There are 2 protein chains.
Amino acid sequence: MSLRIALLGLLAASGPASGYDLAKKFETSVAHVWQAGHSQIYPELAKLTADGLVAVEAEGPRGRKIYTITPEGDAELRRWLMEHTPSTTLRSESALQAFLVPLLDPRDGVAVLRRIKKEVEGRLAELEALRAAKNAADARSPGEPPNRFGAYALDLGIRQSRAALEWAEDAMADLERAT
Amino acid sequence: MSLRIALLGLLAASGPASGYDLAKKFETSVAHVWQAGHSQIYPELAKLTADGLVAVEAEGPRGRKIYTITPEGDAELRRWLMEHTPSTTLRSESALQAFLVPLLDPRDGVAVLRRIKKEVEGRLAELEALRAAKNAADARSPGEPPNRFGAYALDLGIRQSRAALEWAEDAMADLERAT
DNA sequence: AGCTGACATGTAAGTTTTGACATGTCAAGG
DNA sequence: CCTTGACATGTCAAAACTTACATGTCAGCT
């Protein structure tokens, strides 16, 4: 379900796009919130078309198909946003490692935490770069209200990454005391 | 892979247990890090047994089977912890909703954020209850070093929930300014 | 003219996850 | 004795996801 919604959302927010475009946007924008590769996206777009939630607006060069959201699709999107209680399913391999770290002896545990910390730092840097790019884009069109689409999620990601970073530091310090 | 590791980890940390016990622990401890229902756990235990990573130690009443981790299982677990770079795959329906909120008019957006905030509050309360229970258990066995198994992950969850809570408040305030 | 690399779309096989179905044991209370 | 509810284990079909395979177009460079 969520994949459909993510696709409908991108079409609603950024206008008509091809499967290829949508796959790109998954990498650069929604990725921090929901991930999907093109092998999932193309079939889903076909299903959405069959269900009347999107339509092929035009065909471009190289077999490019441009999809638009239909009014039904828009209604579905809004309904999901307003009514669907998000599942709280969580799955994080990093957190699983963090969970299990006390099984290792402290030296090894610290090494694992250090690696996790590095990954968090990388993610944080990515997110901050995205936000900087967004801010720059907003600054280029003064007068216009800034485009907040995706901005809240970005902010959430940044805050959670910062929290994870502090956690990694404290956890390492704690483990080192036990060495 | 991660499911196996989670099961091996629980067996390594808490000693022999049945599939039923492990399913319970998934609900009350690992759940904040990795989720799985019994319909996934039983077949996986069978596979782990076939692969020699766990073994049936004893059979109790009501067909209860008690599994133990084998030395091979323990080695596998440690290898994964030390060597496996966790995948950064992220999928959060709440974050997806947050991402899409700006598509709604501010009034509706605030309502969605309010709901997300309530869910985060619920989760935070759960995690804090777990931590309180853990602390109480540690206090009951003085002298013993506190059992840190799962504690780091719990701490991470709590910090991230707090960050999400602050985010929700700020995002709502931001949206309300736009009303 | 040929090569490279981004553009563009798909399929297929295999794994993981979900949700429903199915079955049976045992203890405690009415 | 009977019912209820926790204990206990499983299977199955469908959906979602991953990874690899497969094919072809077009622009720009050499």
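Figured I'd write up the structure that's included with this text. Just so you know, these numbers come straight off a predicted model, no measurement behind them.

### Quick notes on the relation of the copies chain A and chain B
In the superposition of chain A on chain B (RMSD 0.1 Å, axial shift 0.0 Å), the rotation amounts to 180°. Taken together, the rotation and translation describe the operation of a two-fold axis. Of the C-alpha atoms belonging to chain A, the one lying closest to the rotation axis is found on Gln 160 of chain A, 2.6 Å away. A high fraction, 100%, of the interface residues of chain A reappear at the interface in chain B, so the copies pair face to face through one surface.

### Brief notes about the packing of aromatic side chains
Inspection of every chain in the model, using the stated rule, returns two aromatic pairs over all chains. Geometrically, the ring pair formed by Phe 99 of chain A and Phe 149 of chain B is edge-to-face, given 4.9 Å between the ring centres and 80° between the ring planes. Of this pair, Phe 99 of chain A sits in helix H5 (residues 93-100) while Phe 149 of chain B sits in the loop between helix H6 (106-140) and helix H7 (151-177), on two different chains. For the residue pair Phe 99 of chain A and Phe 149 of chain B, the accessibility class agrees, reading buried in each case. Residue placement shows Arg 91 of chain A over the ring face of Trp 34 of chain B; its charged tip is 5.6 Å from the ring centre.

### Quick word on the pairing of strand E1 (residues 54-59) of chain A
All names here are of chain A. Pairing geometry for E1 and strand E2 (residues 65-69), over five bridges, is antiparallel. Paired with Ala 55 across the two strands is Thr 68, which belongs to E2. Between E1 and the antiparallel strand that follows it, E2, lie five residues; Arg 62 among them carries a positive phi value of about 55°.

### Quick word on the protein's contact with DNA strand C
Every one of the 18 residues lining DNA strand C counts as a neighbour, but Tyr 20, Arg 64 and Lys 65 of chain A together with Ser 39 and Gln 40 of chain B are closest to it. Here DNA strand C approaches the protein such that, of its atoms within 4 Å, sugar and phosphate make up 67%. Where the surface near DNA strand C is concerned, the elements lending two or more residues are helix H2 (19-28) and helix H3 (38-50) of chain A together with helix H3 (38-50) of chain B. Within the surface near DNA strand C, the residues separate by chemical class into four nonpolar, eight polar and six charged.

### Points about the interface of chain A and chain B
Each partner contributes to the interface: chain A provides 64 residues, whereas chain B provides 64 residues. Surface buried jointly by chain A and chain B totals about 6300 Å² across both partners, of which 65% is contributed by carbon and sulfur atoms. Joining chain A to chain B, the criterion identifies four salt bridges. Put simply, chain A and chain B have 33 residue pairs in polar contact (both at pLDDT 80 or more) between them. Elements with a minimum of two residues in the side of chain A that touches chain B: helix H1 (2-14), helix H4 (71-83), H5, helix H6 (106-140) and helix H7 (151-177) of chain A. Its residues assigned to classes, the side of chain A that touches chain B comprises 34 nonpolar, 16 polar and 14 charged.

Criteria and cut-off values
- Residues numbered from 1 in each chain as written.
- Chains lettered and ligands numbered in written order.
- Predicted model: local features only at pLDDT ≥ 70, side-chain atom pairs only at ≥ 80, totals over all residues.
- Heavy atoms only, no water.
- Least-squares fit on C-alpha atoms with pLDDT ≥ 70 in both.
- Contact = heavy atoms within 4.5 Å.
- Phe/Tyr/Trp six-rings, centres within 6.5 Å; stacked < 30°, edge-to-face > 60°.
- Helix = DSSP H or I, 4+ residues; strand = E, 2+ residues; numbered from the N terminus.
- Buried < 20%, exposed > 50% of the residue type's maximum accessible area, 1.4 Å probe, protein only.
- Lys NZ or Arg CZ within 6 Å of the ring centre and 35° of its normal.
- Pairing = 2+ DSSP bridges.
- Near = heavy atom within 4 Å.
- Nonpolar A, V, L, I, M, F, W, Y, C, P; charged D, E, K, R; others polar.
- Buried area = accessible area lost by both parts, 1.4 Å probe.
- Salt bridge = Lys/Arg side-chain N within 4 Å of Asp/Glu carboxyl O.
- Polar contact = N/O pair within 3.5 Å; in protein donor to acceptor, adjacent residues only side chain to side chain.

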